[in-house]
Amino acid sequence: MPIPIFDTVLNGIKVIVSIVGTRKDLQEALQFAAEGKVKTIVEVQPLEQINDVFDRMLKGQVNGRVVLTLE
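Residues numbered from 1 in each chain as written. Predicted model: local features only at pLDDT ≥ 70, side-chain atom pairs only at ≥ 80, totals over all residues. Heavy atoms only, no water.

Defined as follows: UniProt positions are given in the numbering used here, feature names are shortened, and annotations may be inferred rather than shown by experiment.
Named according to an unreviewed UniProt entry, the chain is alcohol dehydrogenase originating from Anoxybacteroides tepidamans. Entered under Cofactor (unreviewed entry) in the UniProt record, the comment concerning the chain runs "Zn(2+)".

Written out as structure tokens, the structure is:
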């Protein structure tokens, strides 16, 4: 599968792969993403909330990703 290196680096895109599954499985998974069937769960919190975020992570109460802001 060709990946445009310049665009990938410039846009900060991460490509994470797994050796589980076949090329057809990968093609189907990428097609799901292209069709908008894959949704990212992101929660934004100020850096001051880092201890609360870590506590919630340890308790398994974080769904998706938490992004800490420096504002």
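## What to know about the overall build of the chain
Convention followed: Counting from the N terminus, the helices are DSSP H or I runs at least four residues long and the strands are E runs at least two residues long. Only the C-alpha atoms count toward the radius of gyration. The rule for a globule is 2.2 Å times the residue count to the power 0.38. Only protein chains enter the accessibility calculation, which uses a 1.4 Å probe; a residue whose area is less than 20% of its type maximum is buried, one above 50% is exposed, and one in between is partly exposed. For this analysis, residues touch if any pair of their heavy atoms sits within 4.5 Å. To measure how exposed things are, a 1.4 Å probe is used in the Shrake-Rupley method; for residues, cover is taken only from the protein chains shown. Asp and Glu count as negative and Lys and Arg as positive, but His and the ends of the chain are not part of the count. By convention, the point assigned to a charge is CZ for Arg, NZ for Lys, CD for Glu and CG for Asp.
Helix and strand counts for the chain come out as 3 helices and 2 strands. Taken over the C-alpha trace, the chain has a radius of gyration of 16 Å; the compact-globule value for 71 residues is 11 Å, which it surpasses by more than 25%. Along the three orthogonal principal directions, the C-alpha set of the chain runs to about 40 × 30 × 25 Å. Buried positions account for 6% of the 71 residues belonging to the chain. Pairs at least 24 apart in sequence give 19% of the contacts found in the chain among residues at least 6 apart. When the accessible area of the chain is evaluated, it comes to approximately 6700 Å², of which 60% is carbon and sulfur surface. Computing the positive centroid from 8 side-chain charges and the negative centroid from 9, the chain places the two 7 Å apart.

## Quick word on the pairing of strand β1 (residues 42-46)
Going by this rule: For two strands to be treated as a pair, DSSP must find no fewer than two bridges joining them.
Where β1 meets strand β2 (residues 65-69), 5 bridges bridge the pair, whose relative direction is parallel. Paired with Gln 45 across the bridge in β2 is Leu 68.

## Digging into helix α2 (residues 23-34)
Note the cut-off: Expected span, for any helix, means 1.5 Å times one less than how many residues it has.
Along its 12 residues, α2 runs 16 Å from first to last C-alpha, staying within 8% of the 16 Å computed at 1.5 Å per residue. Two residues or fewer past α2, Gly 36 is found with a positive phi of approximately 80 degrees.

## Comments concerning a nonpolar patch on the surface
Where we set the bar: Patch membership requires over 30% relative accessible area and the absence of a salt bridge. Like charges are linked within 9 Å, and nonpolar side chains (Val, Leu, Ile, Met, Phe, Trp, Tyr) within 5 Å. We define a salt bridge as a contact between a side-chain nitrogen of Lys or Arg and a carboxyl oxygen of Asp or Glu at a distance within 4 Å.
The grouping of Ile 3, Ile 5, Val 9, Ile 13, Val 15 and Val 17 at the surface amounts to a nonpolar patch, some 590 Å² of accessible area in total. Looking at the element boundaries, Val 15 is found in the loop between α1 (5-10) and α2.

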